[in-house]
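The primary structure of each chain is shown beneath.
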Amino acid sequence: VAEAACLPLCDEAMNLVLRMDQQPNMAEGLRVLKQDHFMVHILPGPRHLLEIRSHLFGGRRLGLRENQRLLKEIWAMETSAVITQEQITVPYAVSNTDLDTILDSLGQTIDPQRRDQLHQAVSTATFDFKLYFLKKHCPARKANQISPL
């Protein structure tokens, strides 16, 4: 685990790079990735935590969109190709402790009364992720890439 903007690793030192953010700077991850090895990029899908977001925002801002700028950067990279992509959607029974942890991770400041209402209203949450599997290669071998868009 390190700051993605400046990884403390030599060039082509890693067999696998796992990214779990929406920052569109992929060059550093590819710099440390060995030739013909893989990067897995995980982004939240459109239904990620939908039940919680619908209660928090009352129908507004529900369309959590994939970072289109990031996907365009992936597609434009000459030194990597998307070899496959997978959608993972898992419903999860949420305890009050789980819900509090999720709310805190979303950076939501919620008064105690509103938090109690959410505890009563939300019993399940959907975890929805899109995984992109990229392979680092020489620029000349990009022809067989599938589109992540």
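Data block above holds the structure.
Read on for an overview of the structure. Numbering of residues starts from 1 in every chain and runs along the sequence as written. Per-residue local features are limited, in this predicted model, to residues with pLDDT of at least 70; the limit for side-chain atom pairs, both in listing and counting, is 80 or more; totals at the level of whole chains, interfaces and linings are taken over all residues. Where side-chain values are given, they derive from all heavy atoms of the structure, hydrogens and water being excluded.

**Quick notes on the packing of aromatic side chains**
Stacked, tilted and edge-to-face are the three classes assigned to paired rings of Phe, Tyr and Trp, where Trp is represented by its six-membered ring and a pair needs centres within 6.5 Å; plane angles under 30 degrees give stacked, over 60 edge-to-face, the rest tilted. In the structure shown here, the tally under the stated rule is one aromatic pair. Ring plane angle 70 degrees and centroid distance 5.3 Å describe the contact between Tyr92 and Phe127, whose orientation is recorded as edge-to-face. Remark: Phe127 occurs in strand E4 (residues 124–136) and Tyr92 occurs in strand E3 (residues 80–93); sequence separation between them is 35 residues. By relative accessible area, Tyr92 is classed as partly exposed at 34%. Runs of E in the DSSP output that reach at least two residues are strands. Runs of H or I that reach at least four are helices, and both are numbered from the N terminus. Three labels apply to residues, based on accessible area from a 1.4 Å probe with only protein chains included: buried if under 20% of the type maximum, exposed if over 50%, partly exposed otherwise in between.

**Looking at the nonpolar core**
As a rule of thumb, soluble globular proteins bury nonpolar side chains together. What is meant by a nonpolar core is a set of buried Ala, Val, Leu, Ile, Met, Phe, Trp, Tyr and Cys residues, joined one to another through side-chain atoms within 4.5 Å. Counting 15 residues, the largest nonpolar core has Met26, Met39, Ile74, Tyr132 and Leu134 as the members making the most contacts within it. Those elements that place two or more of their residues in this core are helix H1 (27–32), strand E2 (33–44), helix H3 (68–76) and E4. Core analysis: the second largest hydrophobic core is formed by 12 residues, Leu49, Leu56, Leu103 and Val122 among them.

**Describing the packing of helix H4 (residues 96–105) against helix H5 (residues 112–121)**
Lines fitted to the C-alpha atoms define the axes, with helices restricted to the stretch that makes contact. Angles between their N-to-C directions range from 0 to 180 degrees. Two elements in contact, H4 and H5, have axes whose closest approach is 10 Å; the angle formed by their N-to-C orientations is 125 degrees. Considering their axes alone, H4 and H5 lie oblique with respect to each other. Where H4 crosses over H5, the two elements pack in a sense that is right-handed. Residues Asn96, Leu99, Asp100, Leu103 and Asp104 of H4 touch H5, and the partners they reach there are Arg115, Leu118 and His119. When grouped by side-chain class, the residues that make up the contact of H4 with H5 number three nonpolar, two polar and three charged. In this scheme, roughly parallel covers angles under 35 degrees and roughly antiparallel covers those over 145, while 65 to 115 is roughly perpendicular and the rest are oblique. The hand of a helix crossing depends on one turn: near helix anticlockwise from the far one by less than a right angle means left-handed, and clockwise means right-handed. The contact rule is simple, with two residues in contact once any of their heavy atoms fall within 4.5 Å. Here the term charged refers only to Asp, Glu, Lys and Arg, the term nonpolar to Ala, Val, Leu, Ile, Met, Phe, Trp, Tyr, Cys and Pro, and the term polar to all other amino acids, Gly among them.

**Regarding the side chain of Glu28**
Position of Glu28 among the secondary structure elements: in helix H1. There is a polar contact of 2.7 Å between the side chain of Glu28 and the side chain of Arg31. Contacts of Glu28, omitting those with residues within four sequence positions, involve Ala4, Ala5, Cys6 and Leu7. Pairs of N or O atoms within 3.5 Å make up the polar contacts considered here, provided that, within protein, one atom can donate a hydrogen while the other can accept it, and that residues adjacent in sequence are counted only when both atoms are side-chain atoms.

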